[in-house]
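Listed here are the chains, written in short residue letters.
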Amino acid sequence: MPDLDELLAFASVMESGSLTQSAAELGLAKSTLSRRISQLESRLGQPLMKRQANQLLPTEAGEMYYQVSRQILDLAQRGQRHLDSLREEVSGQVVVEAHRALTRSWLGRSMEQFLEQYPAVSLTLRTREAPPRDPDFQGVGVWLGDMLDGGLRQEPLGQLERGIYAHPDYLARHGAPDSPEALSRHAWIDLIGETNGGLTLHHAQGATVHFQPPPSRFRVDQSTLHIDAITRAQGLGVLPCWLAAARERAHPGELKRCLIDWAPKPLPITLVYGFGRQPRKLATLLDHLRGSVPESWRSTDEVRRAG
């Protein structure tokens with residue numbers, strides 16, 4: 001039976017790639033951290049990590065065992081939190097920083113539900129232009145889109161499938177595109193930074209096409225402005241299918257999916273928070289966020305049309 005301290009040492013070094021950083025995060029001497037990993041390898045009977053050019057890299061066994069160890073540690077932490085809940089009140093200040101596309105459509109309501117459940121908590125919700133990366137960040141981040149490695153833990157929360165949308169009136173005036181090549185003949189509503197390098201579209205049967213949208217006469221920097229411009233029949237644009245479906249439920253007839261069999265890659269949704277054991281209030285918030293994710297975000301099946 002593996003020792004939890006050994007598993008924690010191993011998982012931390014796997015995530016940081018550095019004995020020095022992990023020792024600081026866990027409050028241990030490097031020699032103690034190294035010894036715990038060696039003891040775990042001895043128990044398992046094979047090496048889990050190897051040193052290469054001043055880096056610690058996982059072996060094939062290490063890659064596989066990390067997934068197992070992470071599950072064991074997460075289960076142990078959940079069990080500890082359930083025990084703590086019998087004697088601790090969830091209270092105090094918490095900060096959530098998020099991609100602005102998520103705040104109105106899902107996160108705002110989720111945070112209101114959290115506050116209703118835990119009346120001793122005071123919460124600040126802020127939008128960001130980039131995901132948190134500072135290792136000293138004491139809150140929880142929720143990000144939409146690709147992320148670079150940083151000094152914080154990144155936990156996949158789900159993904160948003162995307163499609164090309166337009167207002168029916170725009171399509172009635174200009175015709176619906178019947179192929180990716182036809183997109184270049186249409187007005188394009190650009191969310192700044194989204195299509196700088198073009199857009200790769202993937203077909204449901206496996207084909208791919210790289211599409212360079214035409215120069216946009218109307219460019220916006222907020223997802224709300226983006227969807228508003230598309231629903232005002234100004235042109236075509238890429239939208240997360242879940243957000244488009246929510247808009248269509250609220251305002252039926254405003255959006256129509258184009259080229260249903262073609263789509264850009266999904267956007268990942270990621271929880272961002274510090275390494276190590278979290279304070280009770282943050283651990284409870286993280287559990288709440290995991291549990292409030294819409295089921296469609298967890299699915300790999302593409303949402304074919306809004307509504």
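Residues numbered from 1 in each chain as written. Predicted model: local features only at pLDDT ≥ 70, side-chain atom pairs only at ≥ 80, totals over all residues. Heavy atoms only, no water.

Engineer: Tell me about unusual backbone geometry, and name the residues and values.
Structural biologist: A positive phi angle is found at Ala 233, which is not glycine, with a value near 65°. Checked against the element boundaries, Ala 233 lands in the loop between α7 (223–231) and β12 (237–240). For Ala 233, a relative accessible area of 11% corresponds to the buried category. The phi dihedral of Leu 259 is positive, around 50°, even though this residue is not glycine. Counting through the fold element by element, Leu 259 comes out in the loop between β13 (256–258) and β14 (262–263). (Helix = DSSP H or I, 4+ residues; strand = E, 2+ residues; numbered from the N terminus. Buried < 20%, exposed > 50% of the residue type's maximum accessible area, 1.4 Å probe, protein only.)

Engineer: Quick one: what's the story with the packing of helix α5 (residues 100–117) against helix α9 (residues 280–292), residue by residue and with numbers?
Structural biologist: Between α5 and α9, whose axes approach to 10 Å, the crossing angle comes to 130°. In terms of orientation, α5 lies oblique with respect to α9. α9 is crossed by α5, and the crossing has right-handed handedness. Residues Trp 106, Leu 107, Ser 110, Met 111, Gln 113, Phe 114 and Gln 117 of α5 lie in contact with α9, whose contacting residues are Lys 281, Thr 284, Leu 285, His 288, Leu 289 and Ser 292. Class assignment for the residues of the contact of α5 with α9 results in six nonpolar, six polar and one charged. (Axes fitted to C-alpha atoms, helices over the stretch in contact; angles between N-to-C directions. Parallel < 35°, antiparallel > 145°, perpendicular 65-115°, else oblique. Left-handed = near helix turned anticlockwise from the far one by under 90°. Contact = heavy atoms within 4.5 Å. Nonpolar A, V, L, I, M, F, W, Y, C, P; charged D, E, K, R; others polar.)

Engineer: Could you give me a rundown of the environment of Cys 241, with the residues and numbers involved?
Structural biologist: For Cys 241, the location among the structural elements is in helix α8 (residues 241–250). Judged by its relative accessible area of 1%, Cys 241 is buried. For the pair Cys 241 and Phe 218, spaced 23 residues apart in sequence, the C-alpha separation works out to 21 Å.

Engineer: Please provide a residue-by-residue account of α8, values included.
Structural biologist: An α-helix turns once every 3.6 residues. As a result, residues three or four positions apart point the same way. In terms of residue burial, α8 counts as a mostly covered element, since seven of its ten residues are buried. For α8, the set of buried residues is Cys 241, Trp 242, Leu 243, Ala 244, Ala 245, Arg 247 and Glu 248.

Engineer: Any chance you could break down α5 for me, citing the residues and the numbers?
Structural biologist: With 18 residues, α5 extends 24 Å between its outermost C-alpha atoms, agreeing within 8% with the 26 Å of an ideal straight helix rising 1.5 Å per residue. Maximum bend of α5: about 55°, positioned at Trp 106. Burial in α5 covers these residues: Ala 101, Leu 102, Thr 103, Ser 105, Trp 106, Leu 107, Gly 108, Ser 110, Met 111 and Phe 114. (Expected span 1.5 Å × (residues − 1). Bend = angle between axes of the 7 residues up to and from the residue.)

Engineer: So what's going on with the pairing of strand β3 (residues 92–99)? Which residues, and what values?
Structural biologist: With eight bridges joining them, β3 and strand β4 (residues 121–128) adopt parallel strand pairing. When the bridges of β4 are listed, Glu 97 appears paired with Arg 126. With α5 bridging β3 and its parallel neighbour β4, the resulting β-α-β unit is right-handed. Where β3 and strand β5 (residues 140–144) come together, three bridges link them in parallel fashion. (Pairing = 2+ DSSP bridges. Right-handed = clockwise from strand over helix to strand, strands pointing away.)

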